[in-house]
Amino acid sequence: MIKVGLTGGIGSGKSTVADFFSELGVPVYNADFEAKKLMNTSKIIKKKLIAEFGLDVFREGILNRAYLAAIVFKDKKKLNTLNNIVHPKLTKHFSKWALRQVTPYVIQENAIIFENNKADEFDYIIAITAPKTLRIERVIKRDTTHIENVLARMNNQWDEAKKNNLSDFVINNVKLSETKKEVGKIHKELLKLVRAKKGS
């Protein structure tokens, strides 16, 4: 089973690209979604989050995302603490999920693969990129938020050029029709790599 990481800065269009891979029958694990689910269901994670961020981190037993985001996206130490609480459990959860799949390869969509030193957990990494102005526009429209909030989140992620240089594939996600073609090409290439690995 080959594991592929799909990464990129906020607003780059990771979810759009992930959907294109899903259409090709590739199982996609959304790390952000699964992490939020674990924060709401894992008793161990809940206990650690309350100890670190206070009782207000949960409201009526549900993760108070706005409260937590206001803390961690303005303080890199707090963000690192949050990641250290959640990501070990997330890594185990992904590994178990991957073992249940029967496809040649699986994808994990994760914005902070490099920031969390998780690159070694994948056989290949695909980076999604787009001009910064376009990324900001997308996030403001998607989240109905202010530019200051978007920039604060961007500042906690690596520069896209740095991620691109360390990735095996790079998709410039500006025009959707071109992006979809690129996904098709990478899919074929990954299937070839899987066959080569089996034959070696």
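Residues numbered from 1 in each chain as written. Predicted model: local features only at pLDDT ≥ 70, side-chain atom pairs only at ≥ 80, totals over all residues. Heavy atoms only, no water.

1. Quick notes on the sheet that holds strand β5 (residues 105-109)
Here comes step 1: The five strands are arranged β2-β5-β1-β6-β7 in an open sheet whose pairing can be described as parallel. One side of each edge strand has no neighbouring strand; the edge strands of this open sheet are β2 (28-30) and β7 (169-172). The average undirected angle you get between the axes of adjacent strands in this sheet is 20°.
Here comes step 2: When strand β1 (residues 2-8) meets β5, the two strands line up parallel, connected through five bridges. Within the sheet, the bridge partner assigned to glycine 5 lies in β5 and is glutamine 108.
Here comes step 3: Against the sheet, helix α5 (residues 76-99) touches β1, β2 and β5, its axis set at about 155° to β5. (Pairing = 2+ DSSP bridges. Helix = DSSP H or I, 4+ residues; strand = E, 2+ residues; numbered from the N terminus. Axes fitted to C-alpha atoms, helices over the stretch in contact; angles between N-to-C directions. Contact = heavy atoms within 4.5 Å.)

2. Details of a positive patch on the surface
Here comes step 1: Where like charges cluster on the molecular surface, the positive patch consists of Lys48, Lys89, Lys92 and Lys96.
Here comes step 2: It is α5 that contributes the most residues to the positive patch, three residues altogether.
Here comes step 3: For lysine 96, the position within the fold is in helix α5.
Here comes step 4: Classification of lysine 96 by relative accessible area gives exposed; the value is 58%. (Patch = residues over 30% accessible without salt bridge, like charges linked within 9 Å, V, L, I, M, F, W, Y side chains within 5 Å. Areas by Shrake-Rupley, 256 points an atom, 1.4 Å probe, with all protein chains shown as cover. Salt bridge = Lys/Arg side-chain N within 4 Å of Asp/Glu carboxyl O. Lys, Arg positive; Asp, Glu negative; His and termini not counted. Charge placed at Lys NZ, Arg CZ, Asp CG, Glu CD. Buried < 20%, exposed > 50% of the residue type's maximum accessible area, 1.4 Å probe, protein only.)

3. Considerations on the packing of aromatic side chains
Here comes step 1: Tallied over the full model, the rule gives five aromatic pairs.
Here comes step 2: For the ring pair phenylalanine 94 and tryptophan 97, a centre distance of 5.8 Å and an interplane angle of 25° mean the geometry is stacked. Separated by three residues within a single helix, phenylalanine 94 and tryptophan 97 lie in helix α5, roughly one turn from each other. Note on accessibility: phenylalanine 94 and tryptophan 97 belong to one class, buried.
Here comes step 3: With centroids separated by 5.7 Å and ring planes inclined at 10°, the aromatic side chains of phenylalanine 114 and tryptophan 158 adopt a geometry described as stacked. Of this pair, phenylalanine 114 sits in the loop between β5 and β6 (124-129) while tryptophan 158 is found in the loop between α7 (147-154) and α8 (160-166), placing the two residues 44 residues apart along the sequence.
Here comes step 4: An aromatic cluster is present here, built from Tyr29, Phe94, Trp97 and Phe122 joined pairwise through their rings. (Phe/Tyr/Trp six-rings, centres within 6.5 Å; stacked < 30°, edge-to-face > 60°.)

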